[in-house]
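Topology and contacts: notes
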Amino acid sequence: QVQLVESGGGLVQPGGSLRLSCVASRNIFNYVMGWYRQALGKQRELVATMISGGSINYADSVKGRFTISRDNVKRTVYLHLNNLKPEDTAVYYCNAKEISSGYAYWGQGTQVTVSS
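What comes next is a walk through the structure. (Residues numbered from 1 in each chain as written. Predicted model: local features only at pLDDT ≥ 70, side-chain atom pairs only at ≥ 80, totals over all residues. Heavy atoms only, no water.)

Description of the sheet that holds strand β1 (residues 4–7)
Strand order across the open sheet formed by four strands is β1-β3-β8-β7, with antiparallel pairing between neighbours. The sheet terminates laterally at β1 and β7 (66–71), the two strands that pair on one side only. Sheet twist, expressed as the mean angle between neighbouring strand axes with direction ignored, is 15°. Pairing of β1 with strand β3 (residues 18–24) involves four bridges; the strand directions are antiparallel. (Pairing = 2+ DSSP bridges. Helix = DSSP H or I, 4+ residues; strand = E, 2+ residues; numbered from the N terminus. Axes fitted to C-alpha atoms, helices over the stretch in contact; angles between N-to-C directions.)

Some thoughts on the pairing of β7
Of the two faces of β7, the one lined by Phe 66, Ile 68 and Arg 70 is fully buried and the one lined by Thr 67, Ser 69 and Asp 71 carries no buried residue. Here six bridges tie β7 to strand β8 (residues 76–81), and the two strands are oriented antiparallel to one another. Paired with Asp 71 across the strands is Thr 76, a residue of β8. If you look at the hairpin formed by β7 and β8, you'll find four residues sitting between the two strands, and Arg 75 has a positive phi there, around 55°. (Buried < 20%, exposed > 50% of the residue type's maximum accessible area, 1.4 Å probe, protein only.)

Describing the environment of Ile 68
Considering the arrangement of structural elements, one finds Ile 68 in strand β7. In this structure, the C-alpha to C-alpha distance between Ile 68 and Gly 53, residues 15 residues apart in sequence, is 13 Å. Filtering out sequence-adjacent residues up to four positions away, Ile 68 remains in contact with Met 33, Gly 34, Trp 35, Ala 48, Thr 49, Met 50, Ile 56, Tyr 58, Val 77, Tyr 78 and Leu 79. (Contact = heavy atoms within 4.5 Å.)

What about the nonpolar core?
Membership of the largest hydrophobic core comes to 30 residues, with the highest contact counts inside it found for Leu 4, Trp 35, Leu 79 and Tyr 92. Taken together, the elements giving at least two residues each to this core come down to β3, β4 (31–38), β5 (45–50), β7, β8, β9 (90–98) and β11 (110–114). In this view, Leu 4 contacts Cys 22, Val 23, Ala 24, Met 33, Cys 94, Asn 95, Ala 96, Tyr 105, Trp 106, Gly 107 and Gln 108; residues no more than four positions away in its chain are not counted. (Core = buried A, V, L, I, M, F, W, Y, C linked by side-chain atoms within 4.5 Å.)

Let's talk about the environment of Gly 15
If you trace the backbone, Gly 15 turns up in the loop between β2 (10–12) and β3. Taking relative accessible area as the criterion, Gly 15 reaches 46% and is therefore assigned partly exposed. Taking the C-alpha atoms as reference points, Gly 15 and Asn 82, separated by 67 residues in sequence, lie 7.0 Å from one another. Here Gly 15 is in contact with Asn 83 and Leu 84, once residues within four sequence places are set aside.

Notes on the pattern of salt bridges
For the coordinates displayed, the defined rule picks out four salt bridges. A salt bridge links Arg 37 to Asp 88; the shortest N-O distance between them is 2.9 Å. With Arg 37 in strand β4 and Asp 88 in the loop between β8 and β9, this residue pair connects regions lying 51 residues apart in the sequence. No difference in accessibility class separates Arg 37 from Asp 88, as the two residues are buried. The residue Asp 60 makes a salt bridge to Lys 63 at a minimum N-O spacing of 3.1 Å. When salt bridges that share partners are traced, they join Arg 37, Glu 45, Arg 65 and Asp 88 into one network. (Salt bridge = Lys/Arg side-chain N within 4 Å of Asp/Glu carboxyl O.)

Here it is in structure tokens:
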């Protein structure tokens, strides 16, 4: 079992920035860590994923604006959101997927609202 706790969401104006954090309850070295988001009335979608070796994958809609990073010592994964747009408004979820088993865990989510 892995518990994930997200923080850092909030209300921000268009063009603003936020940093989301996700702290895991155990070592995340052997996990693909990722961020997903779900806007009201829409399906959950991938935002970014990262493995310990550094391989990163971004959704096309966030490339060049969002940056994922991880600190395995702190058991934490971050998502830096820059140049935010109203369409980025969603609940952002942290995800940990064990590489060997494929089993995935989810955090409770943190709300990001982009509005003037």
